[in-house]
Amino acid sequence: MKQAKDIKNLKKPEKKVRSQTRRLQELSFQDTESLIRELEAHRDELEKHNEELQRLQKELEDSRNKYSDLYDFAPIGYFTFDGNGLILDVNLTGAGLLGIKKQFLINRPFETFIEASDKDIFRAHRLDVLLKQTRQTCEIRLKCKDGKIFYAQLQSLPVKDPEGNLSCLRTALSDITKLMDTEESVRQSEEYFRLVTENSMDIITILEKDGTMRYESPSVERTLGFQREELTGANVFEFVHPDDKEEAMKIFSQAIENPGLSLSLEVRFKHKDGSWRILEVMGKNLLDNPAVAGIVVNSRDINKRKQSQEDLMQLAEELKRSNTDLQQFAYAASHDLQEPLRVVAGFVKLLGKRYKDKLDTKAEEFIDNAISGVKRMEILIKDLLAYSQIGTKGNAFKLTDCSFTLGNALANLQAAIEENKAEVTYDRLPTLMADATQLGSLFQNLISNAIKFRGNKKPKVHVSACLKENEWVFSVQDNGIGIDPKDAERIFIIFQRLHSREEYSGTGIGLAVCKRIVERHGGRIWVESQPGRGSTFYFTLINTAGLNQGP
Ligand code: ADP
């Protein structure tokens, strides 16, 4: 205002000079001279005023530039709209937000840049400003020139002309996409946890301090048949089996007394159909946590698991019973078979003796075959008997010096060792808790096999043991025919042999006996071998802590 007044004052001497020039034309020469002087004085004054005018004009321009910079480069967009939403003016930021040069925006409808579904919001916003004549805010999605969409917040004020009529709208526009992104990620995270909770197979419950159910996840319907609304607000203990209630309440009150404490229990919970479901319950007291302010409980229906556990135990029991029956049967059968076999053997021998001279050579050959068959049968029955007795007729474990037991086994094998000129060596073996008789059979079976399944070379057998962690690993190594690794497991199954009786004698029971003995002692047995390269049989025995005095 001050600047405008100053300019008005400056224009006054200009007027004065014009009127004096007019007067000059009407005057005499003397007067003219004095007037010229006067005029010169005014010219000086005029020049001074002129300079002042220029200075003020510059000041005005500077100030206008300053405000236009502020307007153009403000961090938010400024728009001036007419009543129909036509863009009358826009600052550079506003134009930049839409990605269009300012001159191409003027007089264009702003709606061109609004997402189709948000156009009505802008119309309603304009109407609101015009009717209510106060500042109004709305949020809409705008499309940039490059097709990118952003969320914009519009704050508009009505502008009146000097006559007091509404002339246009001044709108501040800011990009709130980032702000919305944050809100969106919070929303997504909430949605994520809601989906996790609602789709969990477990029932998720939030309990109040007194056991009132505040929240139940939808899986409650699947597991317990109740609608969520039927449980919400009720006390959880009303649904607990009377026999489990006391224990459940005790654990619950412990959790209440100790914020942050986790609780876990198994409890029978009422199903809507009246039956009881076993639930595995885990909970945490989060009463102190303002985000939850409750006890969060996770419950899982373990009815099926319990049932299959019981089924499994029942099966194991049945298996044990049928195993014992089988053992008893094998024992009785082999024991009872010995008697008629002895009768057959006796009579065949008698036949041979009594009719020695009356029979031809063919008949004698038959009698010899019958006798060797009976002998094989005797061995088979003896082995079977030994096998069936391992579990039932085993001796109690006692401190056993394995070197001494090995010595006994070698004494029993003396004939075979000498016959094959076998060389048996051994390291010092430990003393441990075992059934010495069975351990002796174990050594005997393995060493006799090592000699029996010899190759062309002189049989060499070495027995050793080393302590690995909490068990002794024994080994019986030979230089015999070896075993194909594909047969390494099946040779421990009863009656499984890799050779015919003509090639190597035997019943196929020896290694099955070894396996049962080792397992009765809590160990494992296996073989490592390659055909033609000898075999090493390993077995483990538990190191009875403090009792062994190893090598
Ligand atoms: P048997 O010795 O009466 O045949 P086993 O149960 O003791 O029965 O052994 C089963 C089979 O394992 C044998 O027939 C043989 O083929 C193989 N076997 C056992 N020990 C050895 C060994 N030390 N070397 C090679 N093969 C062996």
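Because the structure is predicted, anything quoted here is derived from the model rather than measured. (Residues numbered from 1 in each chain as written. Predicted model: local features only at pLDDT ≥ 70, side-chain atom pairs only at ≥ 80, totals over all residues. Heavy atoms only, no water.)

Asker: Sorry, what's going on with the nonpolar core here?
Answerer: Generally speaking, a soluble globular protein has its nonpolar side chains buried in company with each other. In this structure, Phe443, Ile447, Phe474 and Phe539 are the most contacted members of the largest nonpolar core, which totals 40 residues. Elements that contribute at least two residues to this core include exactly α11 (402–412), β13 (431–434), α13 (436–452), β14 (460–468), β15 (471–478), α14 (510–520), β16 (525–529) and β17 (535–542). Per-element tally for this core: the top contributor is α13, with seven residues. Every residue in contact with Phe474, bar those within four places of it in the chain, is listed here: Cys402, Leu429, Pro430, Leu432, Phe443, Ser464, Ala465, Phe537, Tyr538, Phe539 and Leu541. Judged by nonpolar contacts, the second largest core, of 25 residues, contains Met213, Phe239, Ile251 and Ile256. (Core = buried A, V, L, I, M, F, W, Y, C linked by side-chain atoms within 4.5 Å. Buried < 20%, exposed > 50% of the residue type's maximum accessible area, 1.4 Å probe, protein only. Helix = DSSP H or I, 4+ residues; strand = E, 2+ residues; numbered from the N terminus. Contact = heavy atoms within 4.5 Å.)

Asker: Looking at this structure, I do not really get the site of the ligand. What am I missing?
Answerer: In the vicinity of the ligand there are 21 residues, among which Asn449, Asp478, Arg497, Gly508 and Leu511 approach most closely. In the model, an oxygen atom of the ligand is placed 3.4 Å from a nitrogen or oxygen of the Gly510 main chain. The fraction of the free accessible surface of the ligand (530 Å²) that becomes covered by protein chains is 98%. Only α13, α14 and β17 provide two or more residues apiece to the shell around the ligand. Looking at the shell around the ligand element by element, the count peaks at three residues for α13. Here the residues of the shell around the ligand sort into nine nonpolar, nine polar and three charged. (Near = heavy atom within 4 Å. Polar contact = N/O pair within 3.5 Å; in protein donor to acceptor, adjacent residues only side chain to side chain. Areas by Shrake-Rupley, 256 points an atom, 1.4 Å probe, with all protein chains shown as cover. Nonpolar A, V, L, I, M, F, W, Y, C, P; charged D, E, K, R; others polar.)

Asker: Looking at this structure, I do not really get the state of the cysteines. What am I missing?
Answerer: By definition, a disulfide links two cysteine residues through a covalent bond between their sulfur atoms. Counting across every chain of the model gives zero disulfides. The cysteine Cys144 is free of any disulfide, with Cys138 supplying the nearest cysteine sulfur at 17 Å. On the accessibility criterion, Cys144 (18% relative accessible area) is buried. As a non-bridged cysteine, Cys514 has Cys402 as the owner of its nearest cysteine sulfur, 15 Å distant. We classify Cys514 as buried; its relative accessible area is 0%. (Disulfide = S-S within 2.5 Å.)

Asker: Just to check I follow, could you spell out empty space enclosed by the protein for this structure?
Answerer: The gaps of empty space that remain are located by a probe, the size of a water molecule, rolled over the atoms. With the rule as written, the count across this model stands at one cavity of 30 Å³ or more. Counted as a void, the largest cavity has a volume near 260 Å³. Lining the largest cavity are 21 residues, with Leu207, Val236, Phe269, Val281 and Val297 positioned closest to its centre. The set of elements that each furnish at least two residues to the lining of the largest cavity consists of β6 (203–207), β7 (213–216), α6 (219–224), α8 (242–257), β8 (262–270), β9 (276–286) and β10 (294–301). For the lining of the largest cavity, the element with the most residues is β8, which contributes four residues. Residues of the lining of the largest cavity, tallied by class, amount to 18 nonpolar, two polar and one charged. (1 Å grid on protein atoms, 1.4 Å probe; cavity = no way out; pocket = protein on both sides within 12 Å on 5 of 7 lines; lining within 4 Å. Points joined across faces, edges and corners; volume = space filled by probe spheres on them.)

Asker: Quick question: what am I supposed to make of the sheet that holds strand β5 (residues 166–175) here?
Answerer: The strands that make up a sheet pair up through hydrogen bonds in the backbone, lying either parallel or antiparallel. With antiparallel pairing, five strands are arranged side by side in an open sheet as β2-β1-β5-β4-β3. Where the open sheet ends on each side, the last strands, each with one partner, are β2 (87–90) and β3 (136–143). Between one strand axis and the next, the sheet turns by 30 degrees as a mean value, whatever way the strands run. Sheet analysis places strand β4 (residues 149–160) next to β5, joined by nine bridges and oriented antiparallel. (Pairing = 2+ DSSP bridges. Axes fitted to C-alpha atoms, helices over the stretch in contact; angles between N-to-C directions.)

Asker: Would you mind going over the pairing of β6 with me for this structure?
Answerer: The element β6 is extensively covered by neighbouring structure, given that five of its five residues are classed as buried. Side chains Ile203, Thr205 and Leu207 project from β6 onto one buried face, and the interleaved Ile204 and Ile206 project onto a second face that is buried too. Pairing of β6 with β10 involves five bridges; the strand directions are antiparallel. In the sheet register, Ile204 faces β10, and the bridge partner there is Asn298. Note that β6 and β7 share three bridges and pair antiparallel. Directly across from Ile206, in β7, lies its bridge partner Tyr215.

Asker: Help me understand the packing of α13 against α14, please; the structure alone is not making it clear to me.
Answerer: Running from N to C, α13 and α14 point in directions that differ by 145 degrees, and their axes come no closer than 9 Å. The crossing of α13 and α14 is left-handed. Here Gln438, Ser441, Leu442, Asn445, Leu446 and Asn449 of α13 lie close against α14, whose contacting residues are Gly510, Leu511, Val513, Cys514, Ile517, Val518 and Arg520. The residue makeup of the contact of α13 with α14, split by class, is seven nonpolar, five polar and one charged. (Left-handed = near helix turned anticlockwise from the far one by under 90°.)

Asker: Even after reading the chapter, I still don't get the sheet that holds β14, so can you show me in this structure?
Answerer: As summarised here, the arrangement of the five strands in space is β12-β14-β15-β17-β16, forming an open sheet in which the pairing is mixed. A strand with exactly one partner marks an edge of an open sheet, and here the two such strands are β12 (423–426) and β16. Along the sheet, successive strands turn relative to each other by an average axial angle of 20 degrees, direction set aside. Relative to β15, β14 runs antiparallel, the two being bridged by eight bridges. Following the sheet pairing, Cys466 is matched in β15 by Val473.

Asker: What exactly am I supposed to notice about a nonpolar patch on the surface here?
Answerer: On the surface, Tyr192, Phe193 and Val196 cluster together to form a nonpolar patch covering roughly 340 Å² of accessible area. Looking at where Val196 falls in the secondary structure, it is placed in helix α5 (residues 177–199). (Patch = residues over 30% accessible without salt bridge, like charges linked within 9 Å, V, L, I, M, F, W, Y side chains within 5 Å. Salt bridge = Lys/Arg side-chain N within 4 Å of Asp/Glu carboxyl O.)

Asker: Looking at this structure, how should I read the environment of Gln338?
Answerer: Structurally, the position occupied by Gln338 is in helix α9 (residues 303–354). Here Gln338 falls in the partly exposed class, since its relative accessible area comes to 21%. Between the C-alpha atom of Gln338 and that of Met377, which follows or precedes it by 39 residues, the distance is 8.9 Å. Look past the residues within four positions of Gln338 in its chain and what remains in contact with it is Ile381 and Leu385.

Asker: Help me understand the pairing of β14, please; the structure alone is not making it clear to me.
Answerer: Within a regular strand, side chains alternate between the sheet's two faces. Pairing analysis gives four bridges linking β12 to β14, with the strands arranged parallel. Along β14, the bridge assignment pairs Tyr426 with Val463. Counting the residues in the hairpin turn of β14 and β15 gives two residues, including Glu469, whose phi is positive at 50 degrees.

Asker: Explain the side chain of Asp478 to me, please; I cannot follow it from the model alone.
Answerer: Its location among the elements puts Asp478 in strand β15. It turns out Asp478 is buried and unbridged, and the closest side chain with the opposite charge, Lys457, is 9.2 Å from it. Among the polar contacts made by the side chain of Asp478, one reaches the main-chain amide nitrogen of Gly480 at a distance of 3.0 Å. Those residues in contact with Asp478, other than ones at most four positions away along the chain, are Ala450, Lys460, Gly534 and Ser535. (Lys, Arg positive; Asp, Glu negative; His and termini not counted.)

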